[in-house]
Amino acid sequence: MHALVAFFDAEADKKVRELQQRVGAKHGYPPHLTYAVASTIGPKVRKELREDLERLWLPDLYLHTLSTFSTSENVLMLGAVVDTELLAVHSAIHDVLASKVKNPSAYYLPGNWVPHCTLVHDVDDEAMKAAFAKVFPVEPIRAKVREVSIVDTQTGEIDVLKKASTAPR
């Protein structure tokens, strides 16, 4: 699987990692927000994404809401405040991906997407309650986007599409 993600600046990264440690979570990747997931995001599409991302301003993310997904695997997360800038970036990304990637995940498509940063996942109900109690209440975290990358969830490879230093601030 390939995930298109935004990694955070050092300060936000540290704050999220502290929360993840408090709940005993172990993650293979730095804290991030996922814009899209598909079985394959190939080289041609990555080139288009790079070009499109160069024209976009990447807004700061406000991780403000402690929440859960209770699906087949419980997820404790920090929900991002949804504003027009965040939705515009998400929409622009999906305009590039539309009909060009294999097996896009419906959870990340416009209209379905819940922007968030996972604290812990795939735990039973009791562990979820305990994790929530360990971090509640949560101070809001302002996360500047450090980079936007494609993560190959099977190999661990990270392909940087845009560094924040190229974004106007």
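The coordinates are above.
Residues numbered from 1 in each chain as written. Predicted model: local features only at pLDDT ≥ 70, side-chain atom pairs only at ≥ 80, totals over all residues. Heavy atoms only, no water.

S.K.: Residues and numbers for the pairing of strand β8 (residues 158-163), please.
M.R.: Two faces belong to every sheet, and in a regular strand the side chains alternate between them. In the sheet, strand β7 (residues 145-152) pairs with β8 via five bridges, with the strands oriented antiparallel. From the neighbouring strand, Val148 faces β8, where its bridge partner is Lys162. The hairpin turn running from β7 into β8, its antiparallel successor, is five residues long, and Gly156 in that turn takes a positive phi close to 85°. (Pairing = 2+ DSSP bridges. Helix = DSSP H or I, 4+ residues; strand = E, 2+ residues; numbered from the N terminus.)

S.K.: Give a description of the packing of helix α2 (residues 43-55) against helix α3 (residues 84-97) that names residues and reports values.
M.R.: With their axes 9 Å apart at the nearest point, α2 and α3 run at an angle of 150° to one another. The angle between α2 and α3 places the two elements in the roughly antiparallel class. In this structure, α2 crosses over α3, and the sense of that crossing is right-handed. Along the contact surface, α2 presents Val45, Glu48, Leu49, Asp52 and Leu53, while α3 presents Ala92, Ile93, Val96 and Leu97. When the residues that make up the contact of α2 with α3 are grouped by side-chain class, the tally is seven nonpolar, no polar and two charged. (Axes fitted to C-alpha atoms, helices over the stretch in contact; angles between N-to-C directions. Parallel < 35°, antiparallel > 145°, perpendicular 65-115°, else oblique. Left-handed = near helix turned anticlockwise from the far one by under 90°. Contact = heavy atoms within 4.5 Å. Nonpolar A, V, L, I, M, F, W, Y, C, P; charged D, E, K, R; others polar.)

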